[in-house]
Amino acid sequence: MQLLKSNPIAAHNGPAGGLVVPDAASARTVRRVLVVNAKGGCGKTTIATNLASYYASQGRTAALLDYDPQGSSMQWLAQRAEQHRAIHGVAAFRKPTSGMTRSWQMRLPAETERLILDAPAGIHGMPLIDLVRESDTIIVPVLPSPIDIHAASHFIKDLLLVAKVRARSIRVGVVANRVRKQTRIYLSLQRFLDSLNIPFVTYLRDTQNYVQSSEEGLGIHEWQGYKIRQDRQQWEKLIRWIEGEDEQDDPQR
Ligand SMILES: Nc1ncnc2c1ncn2[C@@H]1O[C@H](COP(=O)(O)OP(=O)(O)OP(=O)(O)O)[C@@H](O)[C@H]1O
Ligand SMILES: [Mg+2]
């Protein structure tokens, strides 16, 4: 582990901040993906951990930053056996212990290519702004219920008006999570997103593959389970969108 130069974008040292990324040259290739929604239980940790595990499975150096005091991402990482590709974890929700600076606590391996930030439920105001400042790509998971869809619309307005994602050129995409069938329930959200030029990136089905793989600190790309190919296909769209390989489908470009 190397102590790394602070990135000017991340120089702000707010409650969520202090993120230290590799030097300027590497920083150009680092992607910072924030998984966030103020609504609890919508799949933030599931998507964050599966994303980290996907990149690890591809031989990419991934770091998982857990901003949620529940520490679910760090618990997931703790289950991961040594024979699997390493993922660097940071318990970002913790305050640095005495004698330790925030920068030291948040240091990352020099070769880090992908940063995945797992946000806590209920986030709004300054903590949300601080987290958004650490990211260049935002994923908002939404469950297929009217209450969740309503809450997601409000949260996306917060991202636009309070966290000012457009002014910061941060891409925002929505992922429908725990979908049992292609449901009409998302139609109103789809219309809302269309009006804002925000893409509905993919649907992830409701499956025990996520639950079972997570018990071993793994994701669906490192796991064998019932209809797992279907799950991996659903992720392809999300990965392509994050990696910017779907430019023609993304109205934000
Ligand atoms: N696609 C899915 N299929 C089946 N179960 C899922 C799926 N996505 C999430 N879950 C389960 O739903 C529960 C909540 O998911 P998760 O912890 O990822 O949500 P969260 O948004 O991080 O919650 P919190 O707001 O508490 O941090 C977990 O038990 C998880 O295993
Ligand atoms: Mg969580």
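Position numbers for residues start from 1 in each chain and track the written sequence from start to end. Each chain takes a letter, starting from A, and each ligand takes a number, starting from 1, following the order in which they are written. Local features are withheld for residues below a pLDDT of 70 in this predicted model, meaning they are given only at 70 or higher, and side-chain atom pairs are given and counted only at 80 or more; totals for whole chains, interfaces and linings count all residues.

**Some details on the overall build of the protein chain**
By the criteria applied, helices consist of DSSP H or I runs no shorter than four residues and strands consist of E runs no shorter than two, each listed in order from the N terminus. Helix and strand counts for the protein chain come out as 9 helices and 7 strands. The contacts of the protein chain with a sequence gap of at least 6 include a subset with a gap of at least 24, amounting to 77%. Any pair of residues counts as being in contact when their C-beta atoms, constructed from backbone geometry, are within 7 Å of one another.

**Description of the sheet that holds strand S4 (residues 114-118)**
Taken together, the 7 strands give an open sheet; going across it, the order is S3-S2-S4-S1-S5-S6-S7, and neighbouring strands pair in parallel fashion. For this open sheet the edge positions go to strand S3 (88-90) and strand S7 (200-205), each flanked by a neighbour on one side alone. If you compare each strand with its neighbour and ignore which way they point, the axes differ by 20° on average. Only the stretch in contact is used when a helix axis is fitted, and all axes are lines through C-alpha atoms; the angle between N-to-C directions ranges over 0 to 180 degrees. The strands touched by helix H9 (residues 228-242) are strand S1 (31-35), strand S5 (137-142), strand S6 (171-179) and S7; relative to S7, the strand with the most contacts, the crossing angle is about 155°. Strands qualify as paired when DSSP identifies two bridges or more between them.

**Digging into the environment of Leu 64**
Residue placement: Leu 64 occurs in strand S2 (residues 62-66). Buried means a residue has 20 or more other C-beta atoms within 10 Å of its own C-beta, exposed means 12 or fewer, and partly exposed covers the counts in between; C-beta atoms are placed from the backbone. Owing to 27 C-beta atoms within 10 Å, Leu 64 belongs among the buried residues under this scheme. Residues Leu 64 and Thr 49 lie 15 residues apart in sequence; the distance between their C-alpha atoms is 7.5 Å. Filtering out sequence-adjacent residues up to four positions away, Leu 64 remains in contact with Ala 48, Thr 49, Ala 52, Ser 73, Leu 77, Ile 87, Gly 89, Ile 116 and Asp 118.

**Concerning the site of ligand 1**
Nearness here is judged by the C-beta atom: place it from the backbone, and if it falls within 6 Å of a molecule or strand, the residue counts as near that partner. Close to ligand 1 lie 19 residues; Gly 40, Lys 44, Thr 45, Thr 46 and Ala 121 are nearest. Counting only elements with at least two residues in the shell around ligand 1, the list comes to helix H2 (44-57), S6 and helix H8 (208-214). Amino acid classes used here: Ala, Val, Leu, Ile, Met, Phe, Trp, Tyr, Cys and Pro are nonpolar; Asp, Glu, Lys and Arg are charged; the rest, including Gly, are polar. In terms of residue class, the shell around ligand 1 is built from 5 nonpolar, 10 polar and 4 charged.

**Focus on the packing of helix H6 (residues 146-161) against helix H7 (residues 187-196)**
A pair of packed helices is captured by two measures, namely the crossing angle of their axes and the spacing between those axes. Their axes nearest at 10 Å, the elements H6 and H7 cross at an angle of 10°. Classified by the angle between their axes, H6 and H7 sit roughly parallel to one another. Touching Ile 149, Ala 152 and Ser 153 of H6 are Ser 188, Leu 189 and Phe 192, all from H7. A per-class count over the contact of H6 with H7 returns 4 nonpolar, 2 polar and no charged. Any angle that falls under 35 degrees is termed roughly parallel, while one over 145 is termed roughly antiparallel, one within 65 to 115 roughly perpendicular, and all others oblique.

**Side note on the environment of Cys 42**
Relative to the helices and strands, Cys 42 resides in the loop between S1 and H2. Cys 42 sits in the buried class, given 26 other C-beta atoms within 10 Å.

**Some details on the pairing of S4**
Across the 5 residues that make up S4, a large majority, 5, are buried. Here S4 shows two buried faces, one formed by Arg 114, Ile 116 and Asp 118 and the other by Leu 115 and Leu 117. By the bridge criterion, 5 bridges tie S2 to S4 in an arrangement that is parallel. Paired with Asp 66 across the bridge in S4 is Asp 118.

**Things to note about the packing of H2 against helix H3 (residues 72-79)**
It is the contact of H2 with H3, at a shortest axis distance of 10 Å, that shows an interaxial angle of 40°. Our classification of the angle between H2 and H3 gives oblique. By crossing handedness, the relation of H2 to H3 is classed as right-handed. In this structure, H2 contributes Thr 45, Ala 48 and Thr 49 to the contact, and H3 contributes Ser 72, Ser 73 and Trp 76. Residue composition of the contact of H2 with H3, by class: 2 nonpolar, 4 polar and no charged. Note: crossing handedness is left-handed where the near helix turns anticlockwise from the far helix by less than a right angle, and right-handed where it turns clockwise.

**A few points about the confidence of the model for the protein chain**
Residue-level confidence of the predictor, termed pLDDT, takes values from 0 up to 100. Confidence along the protein chain averages 88 in pLDDT terms, with 85% of residues attaining 70 or more. A low-confidence stretch, residues 1-17 (pLDDT under 50), is modelled with 38 contacts involving residues beyond four sequence positions or located in other chains. With pLDDT under 50 throughout, residues 24-28 is counted as low confidence; its partners more than four residues away or in other chains account for 4 contacts.

**Concerning unusual backbone geometry**
Where the residue is not glycine, phi is negative for most of them; where a peptide bond is considered, it is trans in most cases. Positioned with a positive phi, Ser 169 is a non-glycine residue whose angle comes to about 55°. As for its placement among the helices and strands, Ser 169 is situated in the loop between H6 and S6. Despite not being glycine, Lys 227 has its phi angle at roughly 55°, a positive value. Along the chain, Lys 227 turns up in the loop between H8 and H9. Lys 227 gets classed as exposed once you count the C-beta atoms within 10 Å, which come to 11.

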